[in-house]
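Breakdown of the fold
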Amino acid sequence: MDRGKIVYKESNCYVPFEPKKQDEFNLKNEIRKAVGSLEVGTDEVLLASYAEGSSVGNYKYDLENILFYNIGTGAFSKIFSGFPKEAAFQMGDNLGNGKYLYKYEVIRKEVLENKFAGKNSIAEWNDVPIDTKQGQNDKPDRYYAAIRRASSKIIVDSKQDYIDTESFGIKITLIVPNSARYLRMHPASVMKPLLDGVICAFHGENEESIKAIQKRFKEQHPEKLLQGTEKLNLFGRHNYLTKSNRWNPEDDRLQLGWIILKCEGDGYKMSGSIYKL
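What this report covers is the structure whose coordinates are included nearby. Starting afresh in each chain, residues are numbered from 1 along the sequence in its written order. Selection of residues for local features in this predicted model requires a pLDDT of at least 70, selection of side-chain atom pairs for listing and counting requires 80 or more, and totals for whole chains, interfaces and linings are taken over all residues. The side-chain numbers reported here are obtained from all heavy atoms of the structure, hydrogens and water having been left aside.

Let's talk about the pairing of strand β6 (residues 120-129)
Note on pairing: DSSP must find at least two bridges between two strands before they are called paired. Only DSSP runs of H or I with at least four residues qualify as helices, and only runs of E with at least two residues qualify as strands; both kinds are numbered from the N terminus onward. Sheet topology places β6 next to strand β12 (residues 269-276); seven bridges connect them, and they run antiparallel. In the strand pairing of β12, E124 is matched with S273. Two strands pair when backbone bridges link them, and β6 and strand β7 (residues 155-156) are joined in this way by two bridges, in the antiparallel orientation. Its bridge partner lying in β7, A123 is registered against V156.

Considering the side chain of S271
Tracing the sequence through the fold places S271 in strand β12. Burial here depends on accessible area, computed with a 1.4 Å probe over protein chains only, as a share of the maximum for the residue type. Under 20% is buried, over 50% is exposed, and the range in between is partly exposed. The exposure class assigned to S271 is buried, which follows from its relative accessible area of 15%. Whether two residues are in contact is decided by their heavy atoms: any pair within 4.5 Å suffices. Contact partners of S271, with chain neighbours within four places excluded, come to W125, N126, D127, K171, I172 and T173.

Some words on the pattern of salt bridges
Take a side-chain nitrogen of Lys or Arg and a carboxyl oxygen of Asp or Glu: if they are within 4 Å of each other, that pair is a salt bridge. Counting across every chain of the model gives ten salt bridges. Note that E207 and K211 form a salt bridge whose closest N and O atoms lie 3.5 Å from each other. With E207 and K211 both in helix α6 (residues 207-216), this residue pair falls four residues apart, about one helical turn. The burial state of E207 is the same as that of K211; both residues are exposed. Of the charged contacts in the structure, one is a salt bridge between R237 and E230, with a shortest N-O distance of 3.2 Å.

Here's what the structure looks like:
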C-alpha cells in the first residue's frame, strides 16, 4: 500500500540480506520500487520502521540492516537531493498477527525531533575530526578511530550505569567537505559503517578485541585507541572486533536512529548523541 508520502508493506516474510525464496525477492523488489518514488522535501525526513508480528522466539536483528542494507541502499539514492540529507529509523510496535511490517514515511522534521525530545542523553560529541587520509574507504575504522582519538572531548554522563543489555537511541550528524558534494553519498549509503564504528567505540574491549585492534591498526598507534577510554564503555565489554577481522557491535539494541549528512567546509567531521531509551 503506497499512499502519498508513505510506503506500507505488510507481508508473510521479511527480506534477508541474501534472499533465497521467491516471496522474499518479490517483497524486496516491491519495496525498492515503492521507496524510489518518495520525495523528501525541505524540513522533511525519511523515517523507516520495521515490526514483526510474533512474540515467539528471540530473534535479533539490526534495524539499519533490515530496513536499508537488505533492501539495497541504491534504492534510496533518488530520494535525497541537495544537503542536508536525513534519514531515521525506529522499532515498530508488535503486530500480533504473525506478519512483518515495513513502513517508510516522509515526515516533518519537528515530528522526529519530538521523538528525541525528553530522551536521556548519556553521551555527546561535537565536530570530532575524521581522518580519511589513510584510506580504509568508507569503513567503520575511520569512525571508530575518530571517537577513540577524541575521547577526552566526549561528554559522558558519569551518573549513568553501563547499559549492557538495554535499548538505546543515537543521532549522528556527519559533515563531509564541499569537494564531496557530487559524490553519490546519502544517509542510507553511509549508515552501516558509520553506526558500526561509532557503536564499537562505545563498547569496552575483551581480550580478543584488544588483539584485533592492535593488529588492524598496527600502523596507526593502536595503543592510543585503547588507553584511557574506560569512560566510553557505555554498552559493556564485548567482542566487537573479532579475530576474523569483522566488526561486531551490539547494534540490535539500537531502536531509534537519526543520520544527518551535511556538506560544508574542507574536512570530514561528526557530531552526535547517544540516548538511553
